[in-house]
Amino acid sequence: MKIISISLPLLTIFIIQNVFLPISHCRADLIDQTCKQTPNYNLCVSSLKSNPRSSAADVKGLAIIMVEVVKSKANDTLNKIWAELLRHEDPVIRNCYDHYGYMVGAFIPDIYGDLTSRGLGGRFVRYNPAQAERRLHNDIILRVDHCQNGFGQGRRSPFAKENKATHEAAVVAAAIVWILI
Ligand SMILES: *[C@@H]1O[C@H](CO)[C@@H](O)[C@H](O)[C@H]1NC(C)=O
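Presented here is a report on the structure given in the accompanying data block. Position labels on residues start from 1 in each chain and follow its written sequence. Under the rules for a predicted model, residues below a pLDDT of 70 receive no local features and side-chain atom pairs below 80 are neither given nor counted, while totals for whole chains, interfaces and linings still include all residues. Only hydrogens and water are set aside when side-chain values are computed; all heavy atoms of the structure are taken into account.

## Here we look at the site of the ligand
Working step 1: Near, as used in this document, describes a residue that has one of its heavy atoms within 4 Å of the molecule or strand being considered. Near the ligand you find Lys71, Asn75, Asn79 and Val104, and these make up its full shell.
Working step 2: Between asparagine 75 and the ligand, the recorded distance is 2.3 Å, taken from a side-chain N or O atom to an oxygen atom.
Working step 3: A 3.5 Å cut-off defines polar contacts: any pair of N or O atoms within that distance qualifies, except that in protein one atom must be a possible hydrogen donor and the other a possible acceptor, and neighbouring residues in sequence count only when both atoms are side-chain atoms. Within the side chain of asparagine 79, an N or O atom sits 3.1 Å from an oxygen atom of the ligand.
Working step 4: Only the protein chains shown count as cover for residues, and all accessible areas are computed by the Shrake-Rupley method using a 1.4 Å probe. Contact with the protein chains hides 37% of the accessible area of the ligand, taken as 370 Å² for the molecule alone.
Working step 5: The way it works is that DSSP assigns letters per residue, a run of H or I at least four long becomes a helix, a run of E at least two long becomes a strand, and they are numbered from the N terminus. Per element, the largest residue contribution to the shell around the ligand is three residues, and it comes from helix α3 (residues 59-87).

## A word on the pattern of salt bridges
Proximity of charged atoms lets side chains of opposite charge pair with each other.
Working step 1: Basic side-chain nitrogens of Lys or Arg form a salt bridge, by our definition, when they fall within 4 Å of a carboxyl oxygen of Asp or Glu. The final tally for this structure, using the stated rule, is eight salt bridges.
Working step 2: We note a salt bridge from glutamate 162 to lysine 80, for which the minimum N-O separation is 3.3 Å. Separated by 82 residues along the polypeptide, glutamate 162 in helix α6 (residues 160-180) and lysine 80 in helix α3 bring together distant segments of the chain.

## As for the nonpolar core
Working step 1: Think of a nonpolar core as a cluster: buried Ala, Val, Leu, Ile, Met, Phe, Trp, Tyr and Cys residues, connected wherever their side-chain atoms sit within 4.5 Å. To sort residues, take the accessible area from a 1.4 Å probe on protein chains only and compare it with the maximum for the residue type: under 20% means buried, over 50% means exposed, and anything in between is partly exposed. Within the largest apolar cluster, 45 residues are counted, with the highest numbers of intra-cluster contacts made by Leu48, Met66, Tyr100, Leu115, Leu136, Ile140 and Ile176.
Working step 2: Elements represented by at least two residues in this core include exactly α1 (2-35), α2 (41-49), α3, α4 (91-116), α5 (129-149) and α6.
Working step 3: At 13 residues, the largest contribution of residues to this core is made by α3.
Working step 4: Excluding its chain neighbours within four sequence positions, the residues that come into contact with leucine 136 are Ile111, Ile141, Ala170, Ala173, Ala174 and Val177. Note on definitions: a residue-residue contact is assigned when non-hydrogen atoms from the two residues lie within 4.5 Å.

## Concerning the environment of cysteine 96
Working step 1: With respect to the element layout, cysteine 96 can be found in helix α4.
Working step 2: Those residues in contact with cysteine 96 that lie beyond four places of it in its chain are Ile81, Cys147, Phe151 and Phe159.

## Some details on the packing of aromatic side chains
Working step 1: Centre distance within 6.5 Å is the pairing criterion for rings of Phe, Tyr and Trp, where only the six-membered ring of Trp is used; planes under 30 degrees apart are then read as stacked, over 60 as edge-to-face, and the remainder as tilted. Inspection of the entire model under this criterion finds three aromatic pairs.
Working step 2: Ring geometry for tryptophan 82 against tyrosine 97: centres 5.4 Å apart, planes inclined by 35 degrees, an arrangement best described as tilted. Linking tryptophan 82 in helix α3 with tyrosine 97 in helix α4, this pair joins segments that are 15 residues apart in sequence.
Working step 3: Centre to centre, the rings of phenylalanine 151 and phenylalanine 159 are 5.9 Å apart; their planes meet at 65 degrees, and the pair counts as edge-to-face. When sorted by exposure, phenylalanine 151 lands in the same class as phenylalanine 159, which is buried.
Working step 4: Positioned above the aromatic ring of tyrosine 127, the side-chain terminus of lysine 60 is 4.8 Å from the ring centre. Working rule: Lys NZ or Arg CZ, within 6 Å of ring centre, within 35 degrees of ring normal, means a charge sits over the ring.

## So, the state of the cysteines
Working step 1: For this text, the term disulfide refers to a pair of cysteine sulfurs within 2.5 Å. For the structure shown, the criterion picks out two disulfides.
Working step 2: Sulfur-sulfur distance for the disulfide between cysteine 35 and cysteine 44 comes to 2.0 Å. Between cysteine 35 and cysteine 44 the sulfur-sulfur dihedral comes to about -70 degrees; the bridge is accordingly left-handed. Cysteine 44 carries the same exposure label as cysteine 35, and that label is buried.
Working step 3: Note that cysteine 96 is cross-linked by a disulfide to cysteine 147, the S-S spacing being 2.1 Å.

## Focus on α6
Working step 1: By definition here, a helix of n residues has an expected span of 1.5 Å times n minus one. The end-to-end C-alpha separation of α6 is 31 Å, in line with the 30 Å expected for 21 residues at 1.5 Å each.
Working step 2: Those residues of α6 that sit buried are Glu162, Asn163, Thr166, Ala169, Ala170, Val172, Ala173, Ala174, Ala175, Ile176 and Val177.

## Considering the environment of aspartate 90
Working step 1: Tracing the backbone through its elements, the reader meets aspartate 90 in the loop between α3 and α4.
Working step 2: The exposure class of aspartate 90 is buried, given its relative accessible area of 12%.
Working step 3: Sequence-distant contacts of aspartate 90, that is, excluding residues within four places in its chain, are made with Leu85 and Arg155.
Working step 4: At 2.8 Å, the side chain of aspartate 90 forms a polar contact with the backbone nitrogen of valine 92.

If you want it as structure tokens, here you go:
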């Protein structure tokens with residue numbers, strides 16, 4: 001009995017070290033390996049690790065999680081733009097509102113569909129990472145920059161921080177999706 005009472009905890013430690021740790025270690029390596037292939041390693045790792053699903057995800061799963069991060073950043077930006085627009089109507093701010101409205105309402109769901117084969121309303125969408133990658137550039141990054149650059153030289157963008165966060169998340173997402181192509 002004495003032997004068992006001593007060896008049971010030891011056995012437990014042995015199992016944890018040899019069975020569970022290599023799995024989490026391997027997954028941590030996948031995040032690490034994947035993020036090394038993006039231009040913003042730190043943002044990539046912190047974004048992915050903030051979602052518990054990333055610990056069991058493959059590269060495609062990581063790409064989907066990063067697209068969700070883009071959606072959340074874009075929605076934060078849209079909410080801020082809307083609040084600004086309620087205070088005063090302005091063509092440059094309205095331009096940002098239009099871009100972000102399309103991104104959150106249509107383009108990001110389309111990109112999500114490209115990666116999950118599930119479109120809005122359950123219609124079938126073909127898995128198409130190349131299209132997701134193009135859309136991240138053309139429908140997200142370019143539109144974010146168009147919003148930001150609309151403020152021109154003499155005017156400070158009230159959304160500089162949010163545009164930067166959305167742009168950077170989309171660049172990381174595009175780099176992860178690129179691995180799938
Ligand atoms: C965007 O944010 C608003 C306000 O917080 C929320 O009601 C809405 O569900 C969000 N939309 C998406 C697509 O996340």
